[in-house]
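Spelled out from the first residue to the last, the chains are:
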Amino acid sequence: MASDDPKTLVSTEWLAAHMRDPDLRIIDASWYMPSEGRDARAEYDAEHIPGARFFDIDEISDARSKLDHMAPTPEKFMSRMRAMGVGDGHQVVVYDGSGIFSAPRVWWLFRLMGQMDVAVLDGGLAKWLAEGRETEDMPPVIRDRHMMVRFQNQMVRDATQVAAAAKLGAPQIVDARSPARFAGTEPEPREGMRVGHIPGSRNVFFKTLLNNDNTMKDPAELKAVFEAAGVDLEKPVITSCGSGVTACILALALERIGKSDHAVYDGSWNEWGAVPTMPIETGDA
């Protein structure tokens, strides 16, 4: 069970107890890999936690980029949140249909925009449903709320910054992909992509941070997972993955253990693996 913290992770029990709070806003941030064949928006329309708004990760992104769901501009984020009735003074709880998968991406986006009162629902919709809790299929009543964005540059890194980190060995780069993808023994889901990992990076498969029911492990266990992978928690960290989604699970886990000096490589392997001049390594860390 989550040790409830409205800035990182809250339990289903916490959410149930705060459902009627006037300044609570719930967001369904479900997103699935194309190979899963699931339609996140259709599933939201059919059933969601009462009052939840749907956050389209692919649409609320930087339309100027050729890369998948890159962080939107502050102006676009503010516009979309106002249209969803989410703004300053709201406590936000984000969930997804997988337990903990895409919700941390939206948690990170809020924090990137300077909005700190946001938490991920531990275990997500699956745990909520397993406990027989209330759902609905009605859209929420939207009331505009202004949002002031204070973009946090230190929370995101680009390819140039990551290349420098790889060359210098600092900050540490931690990759959330599976061990086989990290080692380059399994093909990437995106056709034509090179295989392997950023030189010098460590591998913390995001699933190793979760329990069997897709809730997040407790802080002591999280710390042990990072340390077992050779991550020096005294040093800054850049998290990476395939396209910037599961890297945010690592960011959430780091925040849960009290580590704040971390950033997400937004382009991740979707960018690095597509550029022939970027160095790569294969095999274990």
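Note that the structure is a prediction, hence the values are computed from the model and not measured.

## A few points about the overall build of the protein
- What the protein contains, in helices and strands, is ten helices and ten strands.
- Taken over the C-alpha trace, the protein has a radius of gyration of 18 Å; the compact-globule value for 285 residues is 19 Å, and the two agree within 12%.
- Dimensions of the protein along its principal axes, counting C-alpha atoms only, are 50 × 40 × 35 Å.
- Scored against the burial criterion, the 285 residues of the protein give a buried share of 53%.
- Contacts spanning at least 24 positions in sequence make up 76% of the contacts within the protein whose residues lie at least 6 apart.
- Total accessible area computed for the protein in this model is approximately 12500 Å², and 51% of it derives from carbon and sulfur atoms.

## Details of the sheet that holds strand β10 (residues 262-265)
- Spatially, the five strands line up as an open sheet ordered β6-β10-β9-β7-β8, and their pairing is parallel. Only two strands of the sheet have a single neighbouring strand rather than two, namely β6 (156-157) and β8 (202-203).

## Quick word on the nonpolar core
- Formed by 56 residues in total, the largest nonpolar core has its most connected members in F55, F77, W108 and F110.
- Of all the elements in the fold, those that place two or more residues in this core are α3 (74-84), β4 (91-95), α4 (103-112), β5 (118-121), α8 (219-228) and α9 (247-256).
- Looking at which element gives the most residues to this core, the answer is α9, with eight residues.
- Setting aside its immediate chain neighbours within four residues, F55 contacts I27, D28, A29, I60, F77, M81, M84, V106, L109 and F110.
- Listed in part, the 18 residues of the second largest apolar core include A40, I49, Y95 and L125.

## Some thoughts on the layout of surface pockets
- Here the largest pocket is characterised by a volume of approximately 420 Å³.
- Lining of the largest pocket is provided by 23 residues; of these, M33, F101, R181, F206 and T246 occupy positions nearest its centre.
- Each residue belonging to the lining of the largest pocket can be placed in one class, and the counts come to eleven nonpolar, seven polar and five charged.
- Put simply, the second largest pocket is a space of about 310 Å³.
- Around the second largest pocket, the lining comprises 13 residues; the ones closest to its centre are M19, L24, R25, G51 and R53.

The rules we used
Residues numbered from 1 in each chain as written. Predicted model: local features only at pLDDT ≥ 70, side-chain atom pairs only at ≥ 80, totals over all residues. Heavy atoms only, no water. Helix = DSSP H or I, 4+ residues; strand = E, 2+ residues; numbered from the N terminus. Rg over C-alpha atoms; globule rule 2.2 N^0.38 Å. Buried < 20%, exposed > 50% of the residue type's maximum accessible area, 1.4 Å probe, protein only. Contact = heavy atoms within 4.5 Å. Areas by Shrake-Rupley, 256 points an atom, 1.4 Å probe, with all protein chains shown as cover. Pairing = 2+ DSSP bridges. Core = buried A, V, L, I, M, F, W, Y, C linked by side-chain atoms within 4.5 Å. 1 Å grid on protein atoms, 1.4 Å probe; cavity = no way out; pocket = protein on both sides within 12 Å on 5 of 7 lines; lining within 4 Å. Points joined across faces, edges and corners; volume = space filled by probe spheres on them. Nonpolar A, V, L, I, M, F, W, Y, C, P; charged D, E, K, R; others polar.

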